[in-house]
Amino acid sequence: MMHIDARERNFIIGTTILLLIFGAAVLVSSFAFGFQVPAPIERIDPKIVATPGSYPQYHWSDPVDERLREIAPNKYEVYILAQAWNYQPSQIRVPVGSTVTFYLTSKDVQHGFRLDGTNINMMVLPGEIGRLTATFDEAGTFNFVCNEYCGVGHHTMFGQLIVEP
Ligand code: CUA
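Worth saying up front: this structure is predicted, and the values here are computed from it rather than measured.

Undergrad: Any chance you could explain the packing of aromatic side chains here in plain terms?
TA: The geometry of an aromatic ring pair is captured by the separation of the ring centres together with the interplanar angle, meaning the angle of the planes. Scanning the entire structure with this criterion turns up 10 aromatic pairs. Consider the rings of Tyr-58 and Trp-60, whose centres lie 5.5 Å apart with planes at 40°: the pair is tilted. Neither residue differs from the other here; Tyr-58 and Trp-60 are each classed as buried. With a centroid separation of 4.9 Å and 45° between ring planes, the pair formed by Phe-113 and Phe-144 is classed as tilted. Of this pair, Phe-113 sits in strand E6 (residues 111-115) while Phe-144 sits in strand E9 (residues 140-145); the two residues are 31 residues apart in sequence, bridging distant segments of the chain. A relative accessible area of 0% means that Phe-144 is categorised as buried.

Undergrad: Would you take a moment to explain the domain arrangement of the chain for this structure?
TA: Many authors give the size of an interface as the accessible area that is lost as the parts come together. Taken domain by domain, the chain comprises domain 1 (1-35) and domain 2 (42-164). A separation of 37 Å is found between the C-alpha centroids of domain 1 and domain 2.

Criteria and thresholds
- Residues numbered from 1 in each chain as written.
- Predicted model: local features only at pLDDT ≥ 70, side-chain atom pairs only at ≥ 80, totals over all residues.
- Heavy atoms only, no water.
- Phe/Tyr/Trp six-rings, centres within 6.5 Å; stacked < 30°, edge-to-face > 60°.
- Buried < 20%, exposed > 50% of the residue type's maximum accessible area, 1.4 Å probe, protein only.
- Helix = DSSP H or I, 4+ residues; strand = E, 2+ residues; numbered from the N terminus.
- Domains from an automatic or database assignment.

Spelled out as structure tokens, the structure:
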């Protein structure tokens, strides 16, 4: 039988145990805590993402007040465009009980999108589409902020989701 040094064997066993722990953590967080990975859906050109007609399947070129769309009873989707240093739209109103799918992309540099009171937290990258969904069973105001440093106006980049009773 091949000889393996005792210390090397211990390292192999240790790293295998660590990998199993990490794997279990991913499974537990995804199934028990509803952890969602904001996987990019499709690559797009950030220079024309807000140009009417460029991407008719998405809605970042629609007027800002039409980017919240009711797609079924109590089901909404909202297309938020991030740019230095604001979100458009920056104020969203939905009735209580709504399920909202957030589509985000950036027109310029890397931004973030973190929505208080939910597990929504994603990087917003130019050229990529981020999509996450949350359900709002209680009325209230939920702030969202940019949590990736994006320049001198970074701290002014925020907005609100208002869940109306
Ligand atoms: Cu946008 Cu920080």
